[in-house]
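What follows is the residue order along each chain.
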Amino acid sequence: MDIVSEIKRLKRERNAVILAHNYQLPEVQDIADYNGDSLGLSIEAGKTKADVIVFCGVWFMAETAKIISPEKTVLIPDPGAGCPMADMLNLTQLKALKEAHPAAKLMCYVNSSVEVKAECDLCCTSANAVDLALKAFLPQEEVIFVPDKNLAAYAAREAGRPFIIHPGFCPTHNRIQAAHVQAARDLHPKAEVLVHPECTLEVIDAADKALSTGQMASYVSRSASKEFIIGTEEGMVYRLQKDNPGKAFYPLLPGMMICPNMKKITLNKVYEALRDMRFEVKVDEEIASRARKAISRMLEFTDS
């Protein structure tokens with residue numbers, strides 16, 4: 001069986017679209033109709049005319065697609081693909097934080113559960129966190145930022161406003177240290193260093209730029225540089241190399257920047273999900289309607 005041909009056939013039969021995050025396995029990225037970061041995928045989920053969305057990413061992303069497009073069938077080929085950062089904050093912890101700061105507004109990173117999003121005033125991604133921190137709140141307002149302490153610290157500094165910060169983090173990005181950046185520069189002295197805003201501030205300061213994966217893709221295509229050190233999950237290196245064959249890309253920590261959850265989805269799982277229409281993502285509509293407000297507000301600012 002030619003599994004790629006079968007996936008394409010099933011896509012036509014089901015009127016399906018495949019969305020894949022930039023950290024997915026190369027063969028999954030290759031079969032996707034759209035590759036992108038959390039913001040790009042959120043926008044595509046809202047725009048698609050397909051009846052079925054096959055979401056190749058982690059659970060909160062597929063959940064977000066269902067919130068944005070409740071009338072569509074959303075499938076995730078491996079429902080065990082979770083997010084450790086999202087798991088670091090539950091509803092009880094969030095409510096306790098809110099009770100300690102009753103006047104504060106709540107901004108949540110998209111890497112969070114639907115229950116958390118439903119309690120928040122605004123959702124953000126790594127691509128727009130700084131912009132939303134500047135635009136979405138009054139200067140005098142207290143703002144709680146959950147669950148990523150690193151992205152919160154970066155957005156707070158760049159926007160020039162304090163946040164009340166939850167101590168969650170991405171284990172993959174948190175692994176990088178400033179010394180690793182210097183060691184990579186020593187190996188590739190002509191390369192620009194691009195890191196993700198989920199890294200610590202000391203790593204961001206040691207790098208040349210902090211960018212979401214979508215921003216990395218855009219920046220690299222425009223840059224006159226020919227070599228880049230990439231400080232994010234290694235799936236991004238494949239995406240960048242494919243899009244820019246004349247340039248060289250080096251993972252910042254080769255073999256160590258791998259998210260096991262992002263690698264759970266395979267071509268065979270995509271095929272089986274489409275064949276059997278299995279692992280449908282369902283969200284309680286009352287919770288989804290509240291979460292949708294936070295996501296819709298994010299997209300309103302993004303479109304403005």
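Because the structure is predicted, anything quoted here is derived from the model rather than measured.

Basis of the calculations
- Residues numbered from 1 in each chain as written.
- Predicted model: local features only at pLDDT ≥ 70, side-chain atom pairs only at ≥ 80, totals over all residues.
- Heavy atoms only, no water.
- Phe/Tyr/Trp six-rings, centres within 6.5 Å; stacked < 30°, edge-to-face > 60°.
- Helix = DSSP H or I, 4+ residues; strand = E, 2+ residues; numbered from the N terminus.
- Buried < 20%, exposed > 50% of the residue type's maximum accessible area, 1.4 Å probe, protein only.
- Contact = heavy atoms within 4.5 Å.
- Pairing = 2+ DSSP bridges.
- Axes fitted to C-alpha atoms, helices over the stretch in contact; angles between N-to-C directions.
- Parallel < 35°, antiparallel > 145°, perpendicular 65-115°, else oblique.
- Left-handed = near helix turned anticlockwise from the far one by under 90°.
- Nonpolar A, V, L, I, M, F, W, Y, C, P; charged D, E, K, R; others polar.
- Core = buried A, V, L, I, M, F, W, Y, C linked by side-chain atoms within 4.5 Å.

### A closer look at the packing of aromatic side chains
- Taken as a whole and judged by the stated rule, the model has two aromatic pairs.
- When the centroid spacing of 5.3 Å and the interplanar angle of 65° are considered together, the rings of F145 and F163 count as edge-to-face. Pair noted here: F145 is in strand β7 (residues 143-146) and F163 is in the loop between α9 (149-159) and β8 (164-165), with a separation of 18 residues, a long-range link. Residues F145 and F163 agree in their burial class; the two are buried.
- For the pair F228 and F249, a centre-to-centre distance of 5.5 Å together with 15° between the ring planes defines the contact as stacked. Residue F228 is found in strand β11 (residues 227-231), and its partner F249 is found in strand β12 (residues 248-251); the two are separated by 21 residues along the sequence. The pair F228 / F249 is uniform in exposure class, with both members buried.

### So, the side chain of S38
- The residue S38 is located in helix α3 (residues 38-47) in this model.
- Once residues within four sequence positions are removed from consideration, S38 is found in contact with H21, F60, M61, V110, N111 and T125.

### Digging into the sheet that holds β8
- Spatial strand order, β6-β5-β7-β8: four strands in an open sheet with parallel pairing. Only two strands of the sheet have a single neighbouring strand rather than two, namely β6 (122-124) and β8.
- Sheet topology note: the β7/β8 ladder contains two bridges and is parallel. Looking at the pairing, F145 lines up with I165 of β8.
- Sheet contacts for helix α6 (residues 91-100): β5 (105-109), β7 and β8; angle to β7, the most-contacted strand, approximately 160°.

### With respect to the environment of P162
- Topologically, P162 is positioned in the loop between α9 and β8.
- Look at P162 and you get exposed, because its relative accessible area is 66%.

### Quick notes on the pairing of β5
- Among the five residues of β5, four are classified as buried, and the element is accordingly described as predominantly covered.
- Pairing analysis gives four bridges linking β5 to β7, with the strands arranged parallel. Across the sheet, residue C108 finds its bridge partner in β7, namely V146.
- Where β5 lies against β6, three bridges are found, and the strand directions are parallel. Within the sheet, the bridge partner assigned to Y109 lies in β6 and is C124.

### Comments concerning the pairing of strand β9 (residues 192-195)
- Burial along β9 is two-sided: E192 and L194 facing one way and V193 and V195 facing the other are all buried.
- Where β9 and β11 come together, four bridges link them in parallel fashion. Across the sheet, the residue bridging to L194 is I230, located in β11.
- Pairing of β9 with strand β10 (residues 209-210), which is carried by two bridges, proceeds in the parallel orientation.

### A word on helix α13 (residues 213-222)
- Among all positions in α13, only T213, M216, A217, Y219 and V220 are buried.
- Taken together, the buried residues of α13 touch β1 (16-21), β9, β10, β11, α14 (235-243) and β12.

### Description of the packing of α13 against α14
- Orientation of α13 relative to α14, taken along the N-to-C sense of each, is 30°, at an axis distance of 10 Å. Taken together, the axes of α13 and α14 lie roughly parallel to each other. Note on packing geometry: the crossing formed by α13 with α14 is right-handed. Taken together, the residues of α14 that come into contact with α13 (itself represented by T213, M216, A217 and V220) are M236, R239 and L240.
- Of the residues belonging to the contact of α13 with α14, the class tally is five nonpolar, one polar and one charged.

### Topic: the nonpolar core
- Counting residues in each nonpolar core, the largest one holds 98 residues, and the members touching the most others are I7, M107, F145 and I230.
- Tallying contributions element by element places helix α16 (residues 285-303) first for this core, with eight residues.
- In this structure, C199, I229, L252 and L253 belong to the second largest nonpolar core, which totals 16 residues.

By themselves, these observations are geometric and do not establish any function.
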